[in-house]
Amino acid sequence: MTMPSATISKDQQYLWHPYSSMIDPPPLFEVSHAEGCRLHLADGRTVIDGMSSWWCTVHGYNHPVLNTAVTEQLGKMSHVMFGGLTHAPAVALGEKLVALTPAGLDKVFLCDSGSISVEVAIKMALQFWLSQGVRGKSRLLTVRNGYHGDTFAAMSVCDPVNGMHHLFADVLQKQLFAPAPATPFGEPLSAGDCDELEQLLAGHHGEIAALIIEPIVQGAGGMRFYSADYLRRARELCSEYNVLLIADEIATGFGRTGKLFACEWAGITPDIMCLGKALTGGYMTMAATLCSERVALGISAGEAGCFMHGPTFMGNPLAAATANASIDLLLSDDWAAKVARIEAELRVGLAPLHGHRGVADVRCLGAIGVVELQQPALLTEIQPLLVERGVWLRPFGKLLYTMPPFVASSAEIAAITAAICEVVEIIS
Ligand SMILES: *Cc1c(COP(=O)(O)O)cnc(C)c1O
C-alpha cells in the first residue's frame, strides 16, 4: 500500500462519506477532474465510471452543453427564493416534466434531493386524504427489497431487513410490507404474485394513504427487475381500494431502463411520481415530485388551503437551467438507441458469468447490468481490483453492477464488463 495523499488523510480526519466509519474508513480515491465517462484520479490513473455517479451522469462529465447552461444561468442569478418569486428556468422545467411524464401527472413540486422528493410525495398523500375529510389513512404500503432514501419517512418504507435502516426500527413508523414482486421482468404475472399485496389492501385500505413502489427496477434494495404485469395490477388494486400510487422513479427516470420512465413499461400513470438523480444530468442536486390534478386540487381545497412544504432552495434556477439543458440534450440525442446498444453490449460482455461458480444470477435491463454473487463481496478487496483494471464500480453486498453513462462507447462498456468478469474470477 502506498501512503495516502495529504488530501485523503485530511478527508479522513474531517469528513463523513456515504455509509462510512470514522474509525475504519473505507478506501478512498481522490478525483482531480472528470471528462466524458472518465474519472481522472489525483495519482494520475484514469477510471471509466461504470456507476454514472449513482445513476446521475447520463451525458458524462464536463459536457460542453451542460457547462454552457450552468455558466449562462450563473451570469443571471444562481438562486432566488421561490416564495412569491418565479423564473423562466423553473417554469420551463415544470412544463417539460409534465409533457414528458405519463399523461395525468400535471403539477410539479421542485425540491432538493431524492429523499426529499419522497418525503414530499408521502406528505402529499397524507395531506390529500386529510383534505378530503377522510380520517385514519395515515400509513403506507410498500413491497420488500425497496429503497426510497435516507430521511425518516423514506427510511420507513425501505426494506425493513436489508434496507440499511433496521437500526431505527423503534422510531420509524410501522408501515405495511408486501413481499417483493417475484415475477421476473418480461414475464406474465405468475399466479399469486400479487395476492399478499391484495390481501393487505383488502384488510387495511382504511389505514393506507398510498402504495409506494419503485417501478420495474428495485435499485439499492437488491437490483431486481420485475414484471410490468405486477405494476399494472398494483395500479388496478390501488384504484379499486382507494389508495394513491406513488412511483419512485428517482433511479429509473430519464431513460435508464430503456423507456423514458419505467412506468411506461406497464402503461400506467401513478398518482404521484418522484424524480431525481439524472434530472440535472448529474451536475447538481435537484428532484421533483409530480402529482395528478386530483391530488393537487384535493390538497389545495382542504382545510389548510395549501400544501405544507417549502424548501429554501426550491426551484433553484441554476439546477433548473441545468435540468432543462440535460433533458433537451437527452431528447435530441437518440437516447433510446444508445441505451438499447448498451443493453446488448452488457448482455454479451457479462454472458461468460452465466453459470459461473461464484455467480448466482446475471441480469441486464436498459443501461443496467447486474451480477449477483453467491457470497457478499468485500468492498475493501474488490474496489482496488476494479480500479487497477481502470474501472470505477461500487459493489454492495452480493451485487456487482453497472449503470454506465449513456455516452459510454462500445469499448468502454467492454472494458467495464471485462473487469467485472476478471474480478469475479479472482474473488470466487
Ligand atoms: C437514490 C434514491 C433515492 C434517494 O435519493 P437521494 O438523492 O439520495 O436522497 C430514493 N429513491 C430511489 C429509488 C433512489 O434510487
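Bear in mind the structure is a predicted one, so any value in this text is a computation, not a measurement.

**Q** Would you take a moment to explain helix α5 (residues 114-131) for this structure?
**A** Counting along an α-helix, one turn takes 3.6 residues, and residues three or four places apart therefore face a common direction. Helix length check: α5, at 18 residues, gives a terminal C-alpha distance of 25 Å against a target of 26 Å (1.5 Å per residue), a fit within 8%. Backbone geometry just downstream of α5 places G133 in the positive-phi region, at approximately 75 degrees.

**Q** Looking at this model, I keep getting lost on the environment of V407. Mind explaining?
**A** Position of V407 relative to the elements: it lies in the loop between β16 (399-402) and α13 (410-427). Accessibility expressed as a relative area gives 29% for V407, which makes it partly exposed. Residues V407 and W335, 72 residues apart in the sequence, show an inter-C-alpha distance of 8.9 Å. In this structure, V407 is in contact with C37, V58, H59, G60 and E412, ignoring residues within four places of it in sequence.

**Q** What should I look at first to understand the packing of aromatic side chains in this one?
**A** Remark: the centre distance and the inter-plane angle together describe each pair of aromatic rings, the angle taken between the planes. Under the definition given, this model contains 8 aromatic pairs. Consider the rings of Y226 and Y230, whose centres lie 5.6 Å apart with planes at 80 degrees: the pair is edge-to-face. Ring centres 5.3 Å apart and planes at 65 degrees place the aromatic pair F254 and F261 in the edge-to-face group. What makes F254 buried here is its relative accessible area of 3%.

**Q** In this structure, what is going on with the site of the ligand? I would like to understand it.
**A** If you check the shell around the ligand, you find S113, G114, S115, Y147, H148, G149, E214, D248, I250, A251 and K277 and nothing else. One nitrogen or oxygen atom from the main chain of G114 is found 2.9 Å from an oxygen atom belonging to the ligand. With respect to the ligand, the side chain of S115 contributes an N or O atom lying 2.6 Å from an oxygen atom. Class assignment for the residues of the shell around the ligand results in 3 nonpolar, 5 polar and 3 charged.

**Q** For this particular structure, what's the right way to read the domain arrangement of the protein chain?
**A** The accessible area lost on association of the parts is a frequent measure of interface size. Here the protein chain is described as being made up of domain 1 (6-63 + 334-427) and domain 2 (77-332). Every contact between the two is made by 26 residues of domain 1 and, on the other side, 32 residues of domain 2. Buried surface at the junction of domain 1 and domain 2, both sides included, amounts to about 2400 Å², of which 69% is carbon and sulfur. Between the two partners, domain 1 and domain 2, sit 0 salt bridges. Joining domain 1 to domain 2, the criterion identifies 10 residue pairs in polar contact (both at pLDDT 80 or more).

**Q** I keep staring at the UniProt feature "binding site: pyridoxal 5'-phosphate" (unreviewed entry) in the protein chain and nothing clicks. Help me out?
**A** According to UniProt, the "binding site: pyridoxal 5'-phosphate" (unreviewed entry) feature falls on G114, S115, D248, P311 and T312. These residues run over 199 residues, and the two farthest C-alpha atoms among them are 22.9 Å apart, placing them at more than one spot. If you trace the backbone, D248 turns up in strand β10 (residues 244-248). Overall, the relative accessible area of 5% leaves D248 in the buried class. D248 has contacts with V118, Y147, H148, I213, E214, P215 and C274, leaving out every residue within four places of it along the chain. A distance of 2.8 Å separates a polar atom in the side chain of D248 from a polar atom in the side chain of H148. Tracing the sequence through the fold places T312 in the loop between α9 (293-301) and α10 (317-331).

Reading guide: rules and limits
- Residues numbered from 1 in each chain as written.
- Predicted model: local features only at pLDDT ≥ 70, side-chain atom pairs only at ≥ 80, totals over all residues.
- Heavy atoms only, no water.
- Helix = DSSP H or I, 4+ residues; strand = E, 2+ residues; numbered from the N terminus.
- Expected span 1.5 Å × (residues − 1).
- Buried < 20%, exposed > 50% of the residue type's maximum accessible area, 1.4 Å probe, protein only.
- Contact = heavy atoms within 4.5 Å.
- Phe/Tyr/Trp six-rings, centres within 6.5 Å; stacked < 30°, edge-to-face > 60°.
- Near = heavy atom within 4 Å.
- Polar contact = N/O pair within 3.5 Å; in protein donor to acceptor, adjacent residues only side chain to side chain.
- Nonpolar A, V, L, I, M, F, W, Y, C, P; charged D, E, K, R; others polar.
- Domains from an automatic or database assignment.
- Buried area = accessible area lost by both parts, 1.4 Å probe.
- Salt bridge = Lys/Arg side-chain N within 4 Å of Asp/Glu carboxyl O.
- UniProt positions renumbered as here; feature names shortened; annotations may be inferred.

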